[in-house]
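Architecture and fold: a report
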Amino acid sequence: MDDHAKVQIKGIREGLLITVRNDDWSEAKAALQEQIKEQSEFLRGGRLILDVGNHVIRAAELGQLRDMLTDDGLALWAILSNSQVTQQNAQLLGLATRINKPSPERTTHTIETALTGEEAVLVRRTLRSGYSLQYFGHVVVIGDVNPGSEIVAGGDVVVWGRLRGMVHAGAEGNQDAVVCAMDLAPTQLRIADHIATTPKQRGKPQPEMARIVDGQVVAVPWQPKTK
Amino acid sequence: MTNKVITITSGKGGVGKTTATANIATALAVDGARVVCIDADIGLRNLDVVLGLENRIVYDLVDVVEGRCRLRQAMIRDKRLPNLFLIPAAQTRDKTSVSPSDMVRLIDELRTECDWVLIDSPAGIERGFRNAIAPADVVVVITNPEISAVRDADRIIGLVEAEEKGPVRLVLNRLKPELVKREDMLSPDDILELLAIELIGIVPEDEKVILSTNRGVPIVLDGKSQAGQAFRNIATRLAGQNVPFLNLEDRNGFFGRISRMMRSGGD
């Protein structure tokens, strides 16, 4: 494959979509750089959407790439990736990870998986303000979920830490989804189509589980026997 | 020394980035180090005013980047301390006139010239902020004991951590110990619990800071000010020495009581 086949540039409504298809990331990066240098006149001032395929890329590396593109007068706006890790890293930097509504085939997949409830993602870090985690299955966080961050999960959400951000479990409509946390004090808690907020007056923090009972979101102490 | 380039940032505006930069830089320079501070807030420069050097600006950061002058020519020597320099921001341009890699190149040139480089970041998380953190060895995040400032600090810490920009340190500015005592203000413990990074200084609220800013004389040069002492301590900690935190609650003496009485009377 020549460089032009590895790196495709096309204009779409949201900006310039650059698709990188290469097995080796450093080679892909070099090819990308070359393409941009070659076509710098045409590209200058553009808003870029970079589709990196299956590559797993660290946040710092994405940051470098964005800074490099800045030098060429290009603004990196979104990263599209098949890798959950790369998507999360892009979100950490405040980059978009989807350009419009999720594609139809993905949605179908989402609903099926959410109902069987088998797939989960484990996040072992503090979710800071501005961080958004979206996953079609269950989400488990080891760490705090700070105010200003959000978790949207197709299934359940379990937080081994303080939950203070916005959380939406059963986002695809699963009424049986639950939200558990060592200290359950989210800015807003949603399960399926129900919304609740944390009461102002709270006792001593204790592990709690929120679920829908008779059409209302209720939180009960989260103990080994609670199902 | 490897940790010599320090970027001071906050996310939210008005929490004291510029004041902190001016004071920490001055404190380091008083101890004899060669210090350069850079105002990265292109278009909204302030650091020159706080240092009292406004009328000496000939060349600025953008002039250096665009090659209109040499780096040395843009370094303004401080009035009081011969080993303290300022590279001012351009006032008539905007953040896009400098790129993150321009900053890295410029700071690399400075590394051999001085002991410390302090970069005063603009508010926000956009280009100006990225320019400011690109060359940083250490990032100092300033926050106030207010929910909005702490929230923004959290966001900033997340961004800096993602970019793997060396250690992140916290300075808590404008704390009012009386209010914390009455549980009317977020306490340092509340803030640290949320942000979970190393604290390197708590600066108490001090009216003299406003005066010093207006006069262009950093508060660290005032031996009597508690805020000045707090900034001197931060400089010492950045230089790698341990100093105990100020006991801000030690104001139960006569003056402490008087000032509290007057304050509650005023409300």
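Quick summary incoming for the structure in this document. Residue positions are counted from 1 within each chain, in the order its sequence is given. Note on labels: chains are lettered from A, ligands numbered from 1, in written order. Thresholds applied to this predicted model are a pLDDT of at least 70 for local features of residues and 80 or more for the giving and counting of side-chain atom pairs; totals over whole chains, interfaces and linings are not thresholded and use all residues. Water and hydrogen atoms play no part in the side-chain values, which are based on all heavy atoms of the structure.

Every helix listed is a DSSP run of H or I at least four residues long, and every strand listed is a run of E at least two residues long, numbered separately from the N terminus. Scanning chain B for helices and strands turns up twelve helices and eight strands. In terms of C-alpha radius of gyration, chain B reaches 18 Å, essentially the compact-globule figure of 18 Å for 267 residues. Dimensions of chain B along its principal axes, counting C-alpha atoms only, are 60 × 40 × 35 Å. Exposure classes here rest on a 1.4 Å probe applied to the protein chains alone. A residue is buried below 20% of its type maximum, exposed above 50%, and partly exposed in between. Here chain B, with 267 residues, has 57% of them falling under the buried criterion. In short, Shrake-Rupley with a 1.4 Å probe defines the accessible areas, and a residue's cover is counted only from the protein chains shown. Looking at chain B as shown, the accessible area adds up to about 11700 Å², and 49% of this sits on carbon and sulfur atoms. Throughout, the radius of gyration refers to the C-alpha atoms, and the reference size of a globule is 2.2 Å times the residue count to the power 0.38.

Here we take up the pairing of strand S2 (residues 15-20) of chain A. Residues and elements named next belong to chain A. Burial of S2 is extensive: six of the six residues sit out of reach of the surface. Across six bridges, the pairing between strand S1 (residues 7-12) and S2 is antiparallel. If you follow Val7 over to S2, its bridge partner there is Val20. Any two strands with at least two DSSP-identified bridges between them are counted as paired. Hairpin remark: S1 followed by S2, antiparallel, with two residues in the connecting loop. Where S2 and strand S3 (residues 47-51) come together, four bridges link them in parallel fashion. Paired with Leu17 across the two strands is Ile49, which belongs to S3.

In this section: empty space enclosed by the protein. Within this scheme a cavity is a closed region of a 1 Å grid, computed over the protein atoms alone, that accommodates a 1.4 Å probe without allowing it to escape, whereas a pocket is open but has protein on both sides within 12 Å along at least five of seven lines; lining residues each have an atom within 4 Å of a point. Grid points are joined across faces, edges and corners, and a volume is the space filled by probe spheres set on the points. Tallied over the entire structure, the rule returns two cavities of 30 Å³ or more. When its volume is computed, the second largest cavity comes out at roughly 30 Å³. Lining the second largest cavity are Arg66 and Asp67 of chain A together with Arg130, Ile133, Ala134, Glu163 and Lys165 of chain B. Only helix H4 (59-71) of chain A together with helix H6 (127-133) of chain B provide two or more residues apiece to the lining of the second largest cavity. Classifying every residue of the lining of the second largest cavity gives two nonpolar, no polar and five charged. Here the term charged refers only to Asp, Glu, Lys and Arg, the term nonpolar to Ala, Val, Leu, Ile, Met, Phe, Trp, Tyr, Cys and Pro, and the term polar to all other amino acids, Gly among them.

Residues Leu122, Ile142 and Trp160 of chain A make up a contiguous nonpolar surface patch of about 340 Å² in total accessible area. Within the fold, Trp160 of chain A resides in strand S9 (residues 157-163). Every patch collects residues that have over 30% relative accessible area and no salt bridge, joining them within 9 Å if they carry like charges and within 5 Å if they are nonpolar side chains (Val, Leu, Ile, Met, Phe, Trp, Tyr). One speaks of a salt bridge when a side-chain nitrogen belonging to Lys or Arg is within 4 Å of a carboxyl oxygen belonging to Asp or Glu.

Trans peptide bonds make up the majority, and among non-glycine residues the majority have a negative phi. Residue and element names in this part refer to chain B. A positive phi angle, close to 55°, is found at Glu164, a residue other than glycine. Note on placement: Glu164 falls in the loop between helix H7 (147-162) and strand S7 (168-175). A residue is classified by how much of its surface remains accessible, and Glu164, at 47% relative accessible area, is partly exposed.

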